[in-house]
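# Secondary and tertiary structure notes
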Amino acid sequence: MSNHDIVFSSMHPNMASMTSTASIQTLACQRHAYTILKASGDDIRPYLQSQITQDIKKLTPQSPIYCTVLSPQGKMVSDMHLIDTGHELILIAPTTHALMLVERLRRFALGHAIRLGIVDTLALLSIQGEQSQQIQATIQQPVEASINMPEAAEQGVWLIMQTTDIQDALNGIDASCSEETMENACIIRGTPRFGRDWDASIHPMNANLIDMGGVSFEKGCYVGQEVTSRMQWRGGVKKKLYHVQLSGLPTTLPCPIQTTVTIGSLSSAATDSQGQAWGIAHLPIEVVEKQAPLSLQTGEIIRVIEACHA
């Protein structure tokens, strides 16, 4: 078995009780899909409290948080992970939306003592698998910050490092892989990513924001709160992202999902080392709860494993 093989336990034939238990050999690569930002200043925490969906009070040097930033109309701008280093904040954002995120956060910052921007000299090293902690301990290059992040396995870590140091670190890791391999492992495990599995056309409440631990309903006001709160308290959350098993891969993505009519979409798919196909789908909660038979328009059968979660 190679370092990049992915092995799953046997699957229960009953769809309602089916679970997936992924166990991969260690994978490591630079995650170009993510960009590093830094934020600091006397007002940075109270300012971000008025801008993000999660409660900034939960952010400590020991406890990173996940959150989203919305437009005044409640539309998605970007999601991000926040790390408190003790003297400044590190933001991990999708590369495709990092510049938009910076522009959005700076837009309402007039009169606030904050500094915020992309740091091109920093990048993200992802190490996933049972040996991730041991490998992290062997890295000789400086690490600015770290966060436990099991994106492709039950155990995993993200390391924020100088871009020039990451390749040196990878040269000492036997399990280094391509980013495509890492992305496929994430899909197989059922880890969604903004920009791949959902976009700004989908409100984050319909993309598992609660399941991902990315929203607080007790904190004070923030931009886009009215729409988010209304969806929660008035039953406006109608869809979710789900980890699914497929009888085969579609020829194109995204691919419509149907019962007797089109009701959702498969956003990503990949096969494991045993040839089993897995994916992430956006589906109505009611349809999933009723266990309605699902298939792609091209005929592949879909079994829902569980809602995607942190």
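Just so we're clear, the structure is a prediction, and the values are computed from it rather than from any experiment. (Residues numbered from 1 in each chain as written. Predicted model: local features only at pLDDT ≥ 70, side-chain atom pairs only at ≥ 80, totals over all residues. Heavy atoms only, no water.)

## Let's talk about the packing of aromatic side chains
Stated formally: What counts as a ring pair is set by centres within 6.5 Å for rings of Phe, Tyr and Trp (its six-membered ring), and what kind of pair is set by the plane angle: stacked under 30 degrees, edge-to-face over 60, tilted for all other angles. Elements are defined by DSSP. Helices are runs of H or I of four residues or more, strands are runs of E of two residues or more, and each kind is numbered from the N terminus. Any residue under 20% of the maximum accessible area for its type is buried, any over 50% is exposed, and the rest in between are partly exposed; the area is computed with a 1.4 Å probe on protein chains only.
This structure, assessed with the given rule, holds 3 aromatic pairs. Judged by centre distance (4.9 Å) and plane angle (50 degrees), the ring pair of Tyr34 and Trp158 falls under tilted. Taken as a pair, Tyr34 in strand β4 (residues 34-40) and Trp158 in strand β11 (residues 156-162) lie far apart in primary sequence, 124 residues in all. In terms of burial, Tyr34 and Trp158 fall into one category: buried.

## Structural notes on the side chain of Gln225
The criterion, for reference: The contact rule is simple, with two residues in contact once any of their heavy atoms fall within 4.5 Å.
With respect to the element layout, Gln225 can be found in helix α6 (residues 225-233). The residues touching Gln225, leaving out its near neighbours within four places in the chain, are Lys219 and Gly220.

## Description of the sheet that holds strand β3 (residues 27-30)
In plain terms, the rule: Strand pairing is assigned whenever DSSP detects at least two bridges linking the two strands. Lines fitted to C-alpha atoms define the axes here, with helix axes fitted over just the stretch in contact, and angles between the N-to-C directions of these axes take values from 0 to 180 degrees.
With antiparallel pairing, 4 strands are arranged side by side in an open sheet as β3-β9-β11-β10. Unpaired on one side and paired on the other, β3 and β10 (145-148) mark the two borders of the sheet. On average, each strand axis in the sheet is inclined to that of its neighbour by 15 degrees, with strand direction left out of account. Sheet topology places β10 next to β11; 4 bridges connect them, and they run antiparallel. Paired with Ser146 across the strands is Leu159, a residue of β11. Of the strands in this sheet, β3, β9 (122-128) and β11 touch helix α4 (residues 163-171), which is tilted by about 130 degrees from β11. Where helix α5 (residues 179-189) meets the sheet, it contacts β3 and β9, and its direction lies at approximately 120 degrees from that of β3.

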